[in-house]
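Residue-level structural notes
Here are the chains, one letter per residue:
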Amino acid sequence: MPADPPSHEPAGGADRGEPRRTSDTSGRSAETAGAPVYAYPARLWRALDRHRPPGAAATADAWRSPVRGPWLTSVLGVVLLATLPLVIVTGLLDWIAYGPRLGQALPTDVGWLRPPVFDWPTRPAWLFRVTQGLHVTLGIMLVPVVVAKLWSVVPKLFDWPPARSVAQVLERLSLLLLVGGILFEMVTGLLNIQYAYLFGFDFYTAHWYGAWVFTAALVTHVAIKLPRMISALRGPNMARTPVGETTPEPADPDGLVSRRPGPTTMSRRGVLALTGSGVLLLAALTVGQTLDGVLRRTALLLPRGRQPGEGPNGFPVNRTAAAAGVRPADTGAGWRLTVRGGDRTVEVDRGGLLAMTQHTADLPIACVEGWSTEQTWTGVRLRDLAALVGAPERALARVESLERAGLFRQARLHADQVRHPDSLLALRVNGVDLSTDHGYPARVIVPALPGVHCTKWVRSITFEERPDD
Ligand SMILES: Nc1nc2c(c(=O)[nH]1)N[C@H]1C(S)=C(S)[C@@H](COP(=O)(O)O)O[C@H]1N2
Ligand SMILES: [Mo]
């Protein structure tokens, strides 16, 4: 560790905001003197340097924490490098689970940004619960790490001149997309979970395209910075140094280390511990919504359904009957289920459905907003309904709700989802009739199907040939 605060700036006082004068034009000998090297077009960078905005240097120097430097940034970086890909992949899987091949993922039309898709499996039944649970929970847990990572590089925002080469311009542009991208994804994701559609655009479309911008920027950033990160992590382990012995790292080429470090108030491991506690706190307030049971009460960040009432129907409701505009008159004694297949149409009332063979299965509902819950459902197998109208083996099912408007008033299920022995048109849950809010008189429940396609207040099911995809 150097005894003096490190300096990689010339003695010329550039950090006081005065124009730096170099008499030579080659730039090279200036480097020997300690001034920065400018690549092509050097005149531009030098001109920019001479026209430093008032206060820029002072602002950069206001960030003086002595723990900033390659080591801390790299540790936070490696944590994100190990976890963000999981968030990205599970997000992509969530999109595929919606069934883009059946024309129903959101956004539907993604042009050439369409990844390879497949029919979402029905086994294991908890598959979607895990993918969406990981996506949402990890996404929330990483907020403090992202904030710490941004804090560790924040003085770089005020760097002047903003670039010293064309390559650096590109690098900094990719940083803009990286930082903007992750903040955008986190903010839109969090607002969606809270049902706060403050933004004037469609969440799914925005989150989808935002994810691609962010992912592309992340790949670029990792490609550029990986060697730096590895060498910083191979250096001395600074996690052990107590506050009293914490000193700044030597000046680094990225300029992460403060030029004028302030007094040490926290060790590097202190910063990591603070970040880690933030992560654990958020995890503690979030995992309950996926783990379910009594733990649900700990899910303080869950805007609804933390205490969803007592009794067999006491589990979270995504959209109530009232919110969906489903009236008691629609679900009363006059309700009939219409089942269509080919040119056959059958109407059955609830008594008729209850008279058919009943099957019971423990299946989760997993909502894309993060919460999930396993319940015991009883009803008619979807494949028995298909047989009622003689639907072909590979037919898909188009399920429609009594709900008149709303994105989730209908869904399509592929043949494996129809044929699975646990796929039900549920009439009862946990031994009692479904409550109106859970979809009375009948609702769909299918293994590993995203909650959003477990249509409530079903009015009709149409079995039809699957269009070629
Ligand atoms: N008709 C209809 N069915 C619906 C919805 C809806 O808005 N309308 N919401 C879906 C969503 S997003 C979820 S997560 C589940 C939740 O089921 P629950 O409210 O019974 O827990 O219902 C699904 N079924
Ligand atoms: Mo949902």
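- Looking at an unreviewed UniProt entry, the protein chain carries the name Sulfoxide reductase catalytic subunit YedY, with the source organism given as Micromonospora echinospora.

What about the UniProt feature "domain: Oxidoreductase molybdopterin-binding" (unreviewed entry) in the protein chain?
- On the UniProt side, "domain: Oxidoreductase molybdopterin-binding" (unreviewed entry) is annotated at positions that read residues 331-467 here.
- Note that residues 331-467 is 14% helix and 41% strand, and that its end C-alpha atoms are spaced 32 Å apart.

Observations regarding the packing of helix α4 (residues 70-97) against helix α8 (residues 203-234)
- At a minimum axis distance of 10 Å, the contact between α4 and α8 shows a crossing angle of 150 degrees. With respect to each other, α4 and α8 are oriented roughly antiparallel. As for the relative orientation of α4 and α8, their crossing is left-handed in sense. Only W208, A211, T215, L218, V222, R228, M229, A232 and L233 of α8 make contact with α4, whose side of the interface consists of P70, W71, S74, G77, V78, L81, L84, I88, G91 and W95.
- A breakdown of the residues in the contact of α4 with α8 according to their chemical character gives 14 nonpolar, 4 polar and 1 charged.

A short note on the sheet that holds strand β6 (residues 410-413)
- The 5 strands are arranged β2-β1-β10-β5-β6 in an open sheet whose pairing can be described as mixed. Each edge of the sheet is formed by a strand with only one pairing partner; in this case those strands are β2 (344-348) and β6. If you compare each strand with its neighbour and ignore which way they point, the axes differ by 15 degrees on average.
- Of the pairings in the sheet, the one linking strand β1 (residues 337-341) to β2 comprises 5 bridges and is antiparallel in character. Opposite T338, over in β2, you have E347 as the bridge partner.

A closer look at the site of ligand 1
- As a structural note, the neighbourhood of ligand 1 is formed by 20 residues, with N318, C367, S401, G451 and K456 the closest of them.
- Its residues assigned to classes, the shell around ligand 1 comprises 9 nonpolar, 7 polar and 4 charged.

A short note on the UniProt feature "transmembrane region" (unreviewed entry) in the protein chain
- The positions UniProt marks with the feature "transmembrane region" (unreviewed entry) are residues 71-98, 133-154, 175-200, 206-224 and 270-288.
- Span residues 206-224 is 100% helix and 0% strand, its end C-alpha atoms 27 Å apart.
- Helix makes up 95% of residues 270-288 and strand 0%, with an end-to-end C-alpha separation of 28 Å.

Points about the pairing of strand β4 (residues 372-381)
- The element β4 is largely enclosed, with a buried count of 7 among its 10 residues.
- With 8 bridges connecting them, strand β3 (residues 359-366) and β4 associate as antiparallel partners. Bridging from a neighbouring strand, A366 pairs with S372 of β4.
- Where β4 lies against strand β7 (residues 424-429), 5 bridges are found, and the strand directions are antiparallel. Across the sheet, residue R381 finds its bridge partner in β7, namely L424.

A short note on the confidence of the model for the protein chain
- Here the protein chain averages 88 in pLDDT, while 90% of its residues score no lower than 70.
- Between residues 1-33, whose pLDDT stays under 50, and residues either more than four places distant or in other chains, the model counts 43 contacts.

Focus: the environment of Y209
- Topologically, Y209 is positioned in helix α8.
- On the basis of neighbour count, Y209 is assigned to the partly exposed category, with 15 C-beta atoms found within 10 Å.
- Considering only alpha carbons, one finds Y209 and L113, 96 residues apart in sequence, at a separation of 8.7 Å.

Quick look at the environment of W208
- When you line up the elements, W208 lands in helix α8.
- Separated by 102 residues in the primary sequence, W208 and E310 place their C-alpha atoms 37 Å from one another.

Notes on the environment of V294
- Mapped onto the fold, V294 is located in the loop between α10 (288-291) and α11 (321-324).
- Through-space distance from the C-alpha of V294 to that of L363 is 18 Å; in sequence the pair is 69 residues apart.

Brief notes about unusual backbone geometry
- Across the junction of L106 and P107, the peptide omega takes the value -5 degrees, indicating a cis bond.
- Position of P107 relative to the elements: it lies in the loop between α4 and α5 (127-141).
- Residue A448 is not a glycine yet carries a positive backbone phi of 65 degrees.
- Of note, A448 is situated in the loop between β9 (443-445) and β10 (458-464).

Examining the nonpolar core
- A397, L424, L425, A426, I445 and V458 are the most contacted members of the largest nonpolar core, which has 54 residues in total.
- Among the elements that make up this core, the one with the highest residue count is β7 (5 residues).
- When residues of this core are assigned to domains, at least three map to each of domain 1 (70-286) and domain 2 (321-464).
- Not counting the four nearest positions on each side in its chain, V458 is found in contact with L337, V399, S401, L425, A442, R443 and V444.
- If you look at the next biggest cluster of nonpolar residues, it comprises 25 residues, including V67, L72, I182 and A232.

What counts as what
Residues numbered from 1 in each chain as written. Chains lettered and ligands numbered in written order. Predicted model: local features only at pLDDT ≥ 70, side-chain atom pairs only at ≥ 80, totals over all residues. UniProt positions renumbered as here; feature names shortened; annotations may be inferred. Helix = DSSP H or I, 4+ residues; strand = E, 2+ residues; numbered from the N terminus. Axes fitted to C-alpha atoms, helices over the stretch in contact; angles between N-to-C directions. Parallel < 35°, antiparallel > 145°, perpendicular 65-115°, else oblique. Left-handed = near helix turned anticlockwise from the far one by under 90°. Contact = placed C-beta atoms within 7 Å. Nonpolar A, V, L, I, M, F, W, Y, C, P; charged D, E, K, R; others polar. Pairing = 2+ DSSP bridges. Near = placed C-beta within 6 Å. Buried ≥ 20, exposed ≤ 12 C-beta atoms within 10 Å, placed from the backbone. pLDDT = per-residue confidence, 0-100. Core = buried A, V, L, I, M, F, W, Y, C linked by C-beta atoms within 7 Å. Domains from an automatic or database assignment.

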